[in-house]
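Observations on the model geometry
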Amino acid sequence: MTHHEPPAPKKILYIDLDNTLVDFPSGIARLSARDQIEYEGHYDDAPGIFGLMDPLPDALEAYRKLAQHFDTYTLSTAPWHNASAWHDKVLWVQEHLGLTSESVAYKRLILSHHKNLNRGDFLVDDRSANGAGEFEGEWLQFGPGAAFPSWASVTEYLLERAQTPMADVGTDLRASARAR
């Protein structure tokens, strides 16, 4: 009889919505002229805005690919003063990543103002706000001008680390920091 080791558990990956999976400016463009004026400077408080947004290029494909290799969750913050945002974010995930139990994002949406309270290995987020900067795993800052400007760069980086034990990832990070 051969003894088989159980497969190692998948690493936990969190992915933000706004300006990471979701194209926030596309929602602003779809607001009425009146709402654009009324909510200028705080568009995230505009009722319904989160239901108007498109996915960012390559974001959905990257999410699906990464979900094959990681225990993947969407981790987002909904504005406190916009109750519709909570509802609209759920509907956005259901529409774009799937509604059924077979979908990659089924019951994998976490809405929190304290992202740092979530335990995991990686967080892909465009900003350090709402606890992202204090996340205990590795925060991958996403977006133009960031360390990870595209979904291709995020996917490549994470797939290289999907099966690497976290102790080795820490060693890799320290080595790359010394090389800089």
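Heading Sequence similarities (unreviewed entry) of the UniProt record for the protein holds this comment: "Belongs to the 5'(3')-deoxyribonucleotidase family."

What follows deals with the nonpolar core. Side chains that are nonpolar tend, in soluble globular proteins, to be buried together. Core analysis: the largest hydrophobic core is formed by 37 residues, its most contacted members being Leu 21, Val 124, Trp 151 and Leu 158. Where this core is concerned, the elements lending two or more residues are strand E1 (12-15), helix H1 (24-30), helix H3 (59-67), helix H4 (83-97), strand E6 (122-125) and helix H5 (151-161). Looking at this core element by element, the count peaks at 6 residues for H3. Excluding anything up to four places from it in sequence, Val 124 contacts Leu 13, Tyr 14, Ile 15, Asp 16, Thr 20, Leu 140, Phe 142, Trp 151, Val 154 and Leu 158.

Right, let's talk about H4 for a bit. Helix length check: H4, at 15 residues, gives a terminal C-alpha distance of 22 Å against a target of 21 Å (1.5 Å per residue), a fit within 8%. Residues of H4 that are buried: Ala 85, Asp 88, Lys 89, Trp 92, Val 93, His 96 and Leu 97. What you see down the axis of H4 is that its buried residues fit within an arc of 140°, all on one side. Opposite the packed face of H4, turned more than 90 degrees from it, sit the exposed residues Ala 83, His 87 and Glu 95. Looking at the buried side of H4, the elements it contacts are strand E2 (22-23), strand E3 (54-55), H3, strand E4 (71-76) and strand E5 (109-111).

With that out of the way, let us pick up the packing of aromatic side chains. This model, assessed by the stated rule, comprises 6 aromatic pairs. Taken together, a centroid distance of 5.9 Å and an interplanar angle of 65° make the contact between Phe 24 and Phe 50 edge-to-face. On the criterion of sequence distance, the pair formed by Phe 24 in helix H1 and Phe 50 in the loop between helix H2 (33-38) and E3 is long-range, its members being 26 residues apart. Take Phe 24 and Phe 50: they sit in the same class, and that class is buried. Relative to Tyr 157, the ring of Phe 148 lies with its centre 4.9 Å away and its plane at 65°, an arrangement referred to as edge-to-face.

In this section: the pairing of E4. As judged from the 4 bridges shared by E1 and E4, these two strands associate in the parallel manner. Bridge assignment links Ile 15 to a residue of E4, and that residue is Thr 74. The pairing of E4 with E5 spans 3 bridges and is classified as parallel. Pairing of Ser 76 across the sheet is with Leu 111, part of E5. After leaving E4, the chain enters H4 and then returns to the sheet as E5, a path that is right-handed.

The final tally for this structure, using the stated rule, is 8 salt bridges. One salt bridge in this structure joins Asp 71 and Arg 108, with 2.7 Å as the shortest N-O distance. Placement of the pair is Asp 71 in strand E4 and Arg 108 in the loop between H4 and E5, with a sequence separation of 37 residues. Under the relative-accessibility criterion, Arg 108 is labelled partly exposed at 24%.

Two elements, E1 and E6, share 3 bridges in a ladder whose sense is parallel. Across the sheet, the residue bridging to Ile 15 is Val 124, located in E6.

Once that is clear, we can look at the sheet that holds E6. One open sheet holds the 5 strands; their spatial order is E5-E4-E1-E6-E7, and the pairing between them is parallel. Where the open sheet ends on each side, the last strands, each with one partner, are E5 and strand E7 (138-141). Ignoring which end each strand starts from, the neighbouring axes of this sheet average 25° apart. H3 contacts E1 and E4 of the sheet and is inclined by roughly 140° relative to E4. Each of E4 and E5 touches H4; the most contacted strand, E5, lies at about 160° to it.

Conventions adopted
Note on numbering: residues in each chain are counted from 1, in written sequence order. A pLDDT threshold of at least 70 governs which residues receive local features in this predicted model, and a stricter bar of 80 or more applies before side-chain atom pairs are shown or counted, although totals over entire chains, interfaces and linings include all residues. Side-chain measures here rest on the full set of heavy atoms in the structure, leaving out hydrogens and waters. UniProt positions are given in the numbering used here, feature names are shortened, and annotations may be inferred rather than shown by experiment. Each nonpolar core is a collection of buried residues, namely Ala, Val, Leu, Ile, Met, Phe, Trp, Tyr and Cys, held together in the definition by side-chain atoms within 4.5 Å. Relative accessibility decides the category of a residue: with a 1.4 Å probe and only protein chains considered, values under 20% of the type maximum give buried, values over 50% give exposed, and everything between is partly exposed. The helix count covers DSSP runs of H or I at least four residues long, the strand count covers runs of E at least two residues long, and both are numbered beginning at the N terminus. Residues count as neighbours in contact if any of their non-hydrogen atoms are within 4.5 Å of one another. What a helix should span is 1.5 Å times the count of its residues minus one. In this description, the arc belongs to the directions extending from the helix axis to the C-beta atoms. Geometry of aromatic contacts follows a simple scheme: Phe, Tyr and Trp rings, the Trp one being its six-membered ring, pair when their centres are within 6.5 Å, and the pair is stacked under 30 degrees between planes, edge-to-face over 60, tilted otherwise. A pair of strands counts as paired when DSSP detects no fewer than two bridges linking them. Crossover handedness is defined here as right-handed if the route from the first strand over the helix to the second strand goes clockwise, with the strands pointing away from the viewer. A side-chain nitrogen of Lys or Arg and a carboxyl oxygen of Asp or Glu constitute a salt bridge if their distance falls within 4 Å. Simply put, an axis is a line fit to the C-alpha atoms, just over the touching stretch for a helix, and the angle between two N-to-C directions goes from 0 to 180 degrees.

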